[in-house]
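Analysis of the macromolecular model
Take a look at the letters that make up each chain.
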Amino acid sequence: MRSRQLHNVSEDRVTLSRRNKRSKTSLNGHIPIDLLIEIFLKLPVKSIATCRSVSKFWTYVLGRQDFTELFLTKSSSRPQLLFACANDNGYFFFSSNQPQNLDENSSPIAAYPLTHVPKSRDLGPPINGLVSLRGERILKGRIRPVDVSIIYNPSTGESLTLPKTNMNRKKIYTVTSFLGYDPIEKQYKVLSMNMSYEKHPKCEGYQVLTLGTGKLSWRMIKCCLNYQHPLKNSEICINGVLYYLAMVNGSSWPTRAVVCFDIRSEMFNFMEVYRELSYTTTLINYNNGKLGMLMGQEAHKTISGICRSFELWVLEDTVKHEWSKHVYLLPPLWKDAVANTRLYFAGMIGTSEIVLFRPDEPLCVFYYNIDRNTIKRVGIRGLEAFKYFRIFLNHVENVKLF
């Protein structure tokens, strides 16, 4: 019996030795890193966060750039819906599988709880699974909590508190921050704008902070554009360019415009649009790579049953600012399905499914298929305790640490 046990142990050692020889990297007799990465990739994202505390070696493996990129690629192949529900205690995050091939008998969406950020507001859309928001934190050397920008991972609950921006202490400001990502340099940056309201709204300072570079610090940058102020919750980042809506001074009254900020060069520009943007204008990522704009009828501030058509504008040439325009007449069923519900655009899945939601009723979402000209109301389970929510499409899980 003892000889058989020794034989088995010997075989195990030989197997481990062979794996070490096949592996490109191993440390001090540990399981080869490439094999560990294969194992970790099969774990859910919350387990990854737990595994970081097991040992320094596991922390090292799970913090490697090749692992975080592989995990993000794997997660991108099965995008999710991210729900951000808000109340007096901050944001509560939920997720669910993104519905595919909706039909008349589609089952309700089951929303599963993720994490909670207390005392938070001004939530931005996810960028590779990370979000920016404002919240209260106690900084080093302070007794009372201060209002700061936070980078947060809804899937793991991990967060990064950013330092306060540089500003004139004699003036009263509000701060608007947008998170962006440059896929070429693989860098995350935060664009922050200080707004003063002495006489008229005015942006008085533009600052940028680069994540993952050691000590976090804000840098002042110049903006040659003349506009009043950015619109919160309007931003979207596509292929290294951050787009957002802003109010600009028109000939007779302020109008809406699209501002673009190149993450790598840190340069601003206006995106020319050959029509006045309505209140319902929503920037979207069209077909995973193009800037798109969804709009309801110009006279309406929200989407409701009396709306008769949608417009979809797609930016075809980023240099010449050439857009294609598509108008979709809504089916007769639209009025009955939506009635007096006031809806907002959540975005677009692929090139055919427009998703709409009602922020003050987290019980359902609406899917409008532009190819089949059909509208479907899909219920949501798990958010009944909340009275306000936002929904984000194509959410991916990220395990990156800064």
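What counts, and at which threshold
Residues numbered from 1 in each chain as written. Predicted model: local features only at pLDDT ≥ 70, side-chain atom pairs only at ≥ 80, totals over all residues. Heavy atoms only, no water. Helix = DSSP H or I, 4+ residues; strand = E, 2+ residues; numbered from the N terminus. Buried < 20%, exposed > 50% of the residue type's maximum accessible area, 1.4 Å probe, protein only. Contact = heavy atoms within 4.5 Å. Areas by Shrake-Rupley, 256 points an atom, 1.4 Å probe, with all protein chains shown as cover. Pairing = 2+ DSSP bridges. Axes fitted to C-alpha atoms, helices over the stretch in contact; angles between N-to-C directions. Core = buried A, V, L, I, M, F, W, Y, C linked by side-chain atoms within 4.5 Å. Salt bridge = Lys/Arg side-chain N within 4 Å of Asp/Glu carboxyl O. Expected span 1.5 Å × (residues − 1). Arc of directions from axis to C-beta. Polar contact = N/O pair within 3.5 Å; in protein donor to acceptor, adjacent residues only side chain to side chain. Phe/Tyr/Trp six-rings, centres within 6.5 Å; stacked < 30°, edge-to-face > 60°.

Looking at an unreviewed UniProt entry, the chain carries the name F-box domain-containing protein, with the source organism given as Arabidopsis thaliana.

What follows concerns the overall build of the chain. Looking only at helices and strands, the chain features 6 helices and 26 strands. The burial tally for the chain puts 49% of its 402 residues in the buried class. Relative to all contacts within the chain whose residues are 6 or more apart in sequence, the contacts with residues 24 or more apart total 47%. Counting only carbon and sulfur atoms, one obtains 50% of the accessible surface of the chain, whose full area is about 21500 Å².

Once that is clear, we can look at the pairing of strand β25 (residues 374-381). Sheet topology note: the strand β3 (residues 109-110)/β25 ladder contains 2 bridges and is parallel. Paired with Ile-109 across the strands is Ile-380, a residue of β25. Judged from the 6 bridges that link them, strand β24 (residues 364-369) and β25 form a sheet pairing that is antiparallel. For Tyr-368, the partnering residue across the bridge sits in β25 and is Ile-375. The turn linking β24 back onto β25 is made up of 4 residues, and Asn-373 within it adopts a positive phi angle of 55 degrees.

This part takes up the sheet that holds strand β1 (residues 80-87). Within the open sheet, the 4 strands sit side by side as β4-β2-β1-β26. Their pairing is antiparallel. Because the sheet does not close on itself, it has two edges, and the strands there are β4 (112-117) and β26 (389-395). Each adjacent strand pair in this sheet contributes to an overall mean axis angle of 25 degrees, direction not counted. Where β1 meets strand β2 (residues 90-97), 8 bridges bridge the pair, whose relative direction is antiparallel. By the bridge assignment, Ala-84 is partnered in β2 with Phe-93.

Ranked by size, the top nonpolar core spans 33 residues in total, and within it Leu-191, Leu-211, Tyr-227, Tyr-244 and Phe-268 carry the most contacts. Those elements that place two or more of their residues in this core are β9 (173-182), β10 (187-196), β11 (202-210), β15 (241-248) and β16 (255-262). Top element by residues in this core is β10. It accounts for 5 residues. Leaving out residues up to four positions away in the same chain, Leu-191 has contacts with Thr-176, Ser-177, Phe-178, Gln-207, Val-208, Ile-221, Leu-242, Tyr-244, Phe-261 and Phe-268. Membership of the second largest hydrophobic core comes to 22 residues, among which are Ile-303, Leu-330, Trp-334 and Val-338.

Moving on to the pattern of salt bridges. The full count for this structure, using the stated rule, is 11 salt bridges. Among the salt bridges present, the one from Lys-232 reaches Asp-122, with a minimum N-O distance of 3.3 Å. With Lys-232 in the loop between β13 (229-230) and β14 (236-238) and Asp-122 in the loop between β5 (120-121) and β6 (131-137), this pair connects stretches of sequence that are 110 residues apart. The partly exposed category is assigned to Asp-122, whose relative accessible area is 26%. Because the salt bridges share partners, they merge into one network encompassing Arg-121, Asp-122 and Lys-232.

The next thing to look at is the sheet that holds strand β8 (residues 159-161). Working definition: the strands of a sheet are paired by backbone hydrogen bonds and lie parallel or antiparallel to each other. Taken in spatial order, the 4 strands line up as β5-β6-β7-β8 in an open sheet, and their pairing is antiparallel. Each end of this open sheet is capped by a strand with a single partner; those strands are β5 and β8.

Three or four residues apart is the spacing at which side chains of an α-helix point the same way, because the helix has 3.6 residues per turn. Between its first and last C-alpha atoms helix α5 (residues 65-76) spans 16 Å; for 12 residues at 1.5 Å apiece the expected length is 16 Å, and the two agree. By the burial criterion, the buried members of α5 are Phe-67, Thr-68, Phe-71, Leu-72 and Ser-75. Buried residues along α5 cover an arc of 130 degrees about the axis, so they all sit on one side. Packed against the buried residues of α5 are α2 (33-40), α3 (45-51) and α4 (56-62).

Before going further, it helps to examine the side chain of Asn-153. For Asn-153, the position within the fold is in the loop between β7 (146-152) and β8. A polar contact of 3.0 Å, which involves the side chain of Asn-153, links it to the backbone nitrogen of Ser-155. A polar contact of 2.7 Å, which involves the side chain of Asn-153, links it to the backbone oxygen of Asn-398. The residues touching Asn-153, leaving out its near neighbours within four places in the chain, are Thr-115, Gly-129, Leu-130, Glu-158, Asn-398 and Val-399.

Inspection of the entire model under this criterion finds 17 aromatic pairs. Aromatic side chains Phe-261 and Phe-268 sit 4.7 Å apart centroid to centroid with 45 degrees between the ring planes, which places their arrangement in the tilted category. Across the pair, exposure class does not vary: Phe-261 and Phe-268 are buried alike. When the ring of Phe-310 is compared with that of Phe-345, the centres are 5.1 Å apart and the planes differ by 75 degrees; the resulting orientation is edge-to-face. Here Phe-310 is found in strand β20 (residues 309-317), whereas its partner Phe-345 is found in strand β22 (residues 344-349), with 35 residues between them in sequence. For Phe-310, a relative accessible area of 0% translates into the label buried. In this structure an aromatic cluster arises from ring pairing among Phe-40, Trp-58, Phe-67 and Phe-71.

Further remarks concern unusual backbone geometry. Residues other than glycine seldom take positive phi values, yet Asn-128 does so here, at roughly 55 degrees. Along the chain, Asn-128 turns up in the loop between β5 and β6. For Asn-128, a relative accessible area of 24% corresponds to the partly exposed category.

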